[in-house]
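Examining the three-dimensional arrangement
So you can see what is in the structure, the chains are spelled out below.
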Amino acid sequence: MRSLSLRSPAKLNLFLQVVNKRPDGYHNLVTVFERIDLFDDLKLTLNPSGDIRVFCDHPDVPTDSRNLVFKAAQLLKDDFALQEGVDFVIKKRIPVAAGLAGGSSNAATALLGLSRLWKLDLTRRELLAYARTLGSDVPFFIYDCSWAIGTGRGDRIKPLILDTKLRHILFVPSIKMYTKEVFAAVNLELTKTNDDVNIFNRSLKKSDISAIGGLLRNDLESSIIKLAPDLRKFKDHMMTLNTQGVSFSGSGPALFGLTKNRQQAEEMKDILQKQYSQVFAVRTF
Ligand code: C5P
């Protein structure tokens, strides 16, 4: 096998509770991840010269050692003292720095792909250890699951075995958010702690759309809006569309509305597309 082509999906956070700040500077979270059918394509090809190269035509994606797929390959190459290198070609569809974890998903997909391409046969445990060193959102994508609860930094993953399939309208305003800044602006006193993830998960299990919509939660919202006040206007606009609930994903600025069905998601997409770019109708994948 000389090359592999893989799909690298995005995620939404339907529930994100910030529990506390840790001595290492990160925040402990309780979050519910949903994998969605918005994908980047990642092609990996063996490079006998030993080099690691990244090709991507998106202007905001670095193609040097800052790229997480580069870092993933470097980690494995060093640990296993490999002679062979790899070329990555990334076709970006997931908006960058949006709260959809596109870069983290690319990194996890690179680890999974390299384990096969370089015949390393890594166990899930080993893959997760590498994933954690690359970023808090990377471990979720090591699992082949649609739903999971993330705790710790968001990197401790418990897959949820559910048949639930949801539909959403997703809108990504063209405002760059930096995860680090969003977490730094969190006011832990303001984050409400009364909603319980177990209540959320019971509604999720029952596919009770209106209950899920009412329980969507993202404790990063006030810091997201503090850093980019225009986002309130976009959220308010989404709320007028008659969805079951609207929330930011991760550290934003991606906003999603939970819709009753595909038709409603497509109708809302048509409405929003008249005014904005980066509008998607997505579903659980
Ligand atoms: O893990 P990742 O590199 O994606 O995190 C980016 C930044 O976001 C971290 O440096 C940290 O400041 C912040 N963060 C946090 N708590 C988390 C996840 C991220 O404070 N659970």
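Residues numbered from 1 in each chain as written. Predicted model: local features only at pLDDT ≥ 70, side-chain atom pairs only at ≥ 80, totals over all residues. Heavy atoms only, no water.

A word on the domain arrangement of the chain. Parsing the chain into structural domains produces domain 1 (3-160) and domain 2 (167-283). Spacing between the C-alpha centres of domain 1 and domain 2 amounts to 23 Å. Together, the buried faces of domain 1 and domain 2 total about 2,500 Å²; carbon and sulfur atoms form 67% of this surface. On inspection of domain 1 and its partner domain 2, the count reaches two salt bridges. The shortest N-O distance in the salt bridge between D37 and R283 comes to 3.7 Å. (Domains from an automatic or database assignment. Buried area = accessible area lost by both parts, 1.4 Å probe. Salt bridge = Lys/Arg side-chain N within 4 Å of Asp/Glu carboxyl O.)

Moving on, we get to the site of the ligand. Around the ligand, the surrounding shell consists of G25, Y26, H27, L29, G135, S136, R153, T179, K180 and F183. The separation between an oxygen atom of the ligand and a polar side-chain atom of S136 is 2.5 Å. Contacts to the ligand include R153, whose backbone N or O atom sits 2.9 Å from a nitrogen atom. When the free accessible area of the ligand is taken as 450 Å², the share hidden by the protein chains comes to 78%. Judged by the proximity of its atoms to the pocket grid, the ligand belongs to the largest pocket. Elements supplying a minimum of two residues to the shell around the ligand: β2 (27-47) and α4 (179-184). Top contributing element to the shell around the ligand by residue count: α4, with three residues. Split into classes, the residues belonging to the shell around the ligand amount to three nonpolar, five polar and two charged. Both of domain 1 (3-160) and domain 2 (167-283) provide at least three residues apiece to the shell around the ligand. (Near = heavy atom within 4 Å. Polar contact = N/O pair within 3.5 Å; in protein donor to acceptor, adjacent residues only side chain to side chain. Areas by Shrake-Rupley, 256 points an atom, 1.4 Å probe, with all protein chains shown as cover. 1 Å grid on protein atoms, 1.4 Å probe; cavity = no way out; pocket = protein on both sides within 12 Å on 5 of 7 lines; lining within 4 Å. Sits in = over half its atoms within 2 Å of the grid points. Helix = DSSP H or I, 4+ residues; strand = E, 2+ residues; numbered from the N terminus. Nonpolar A, V, L, I, M, F, W, Y, C, P; charged D, E, K, R; others polar.)

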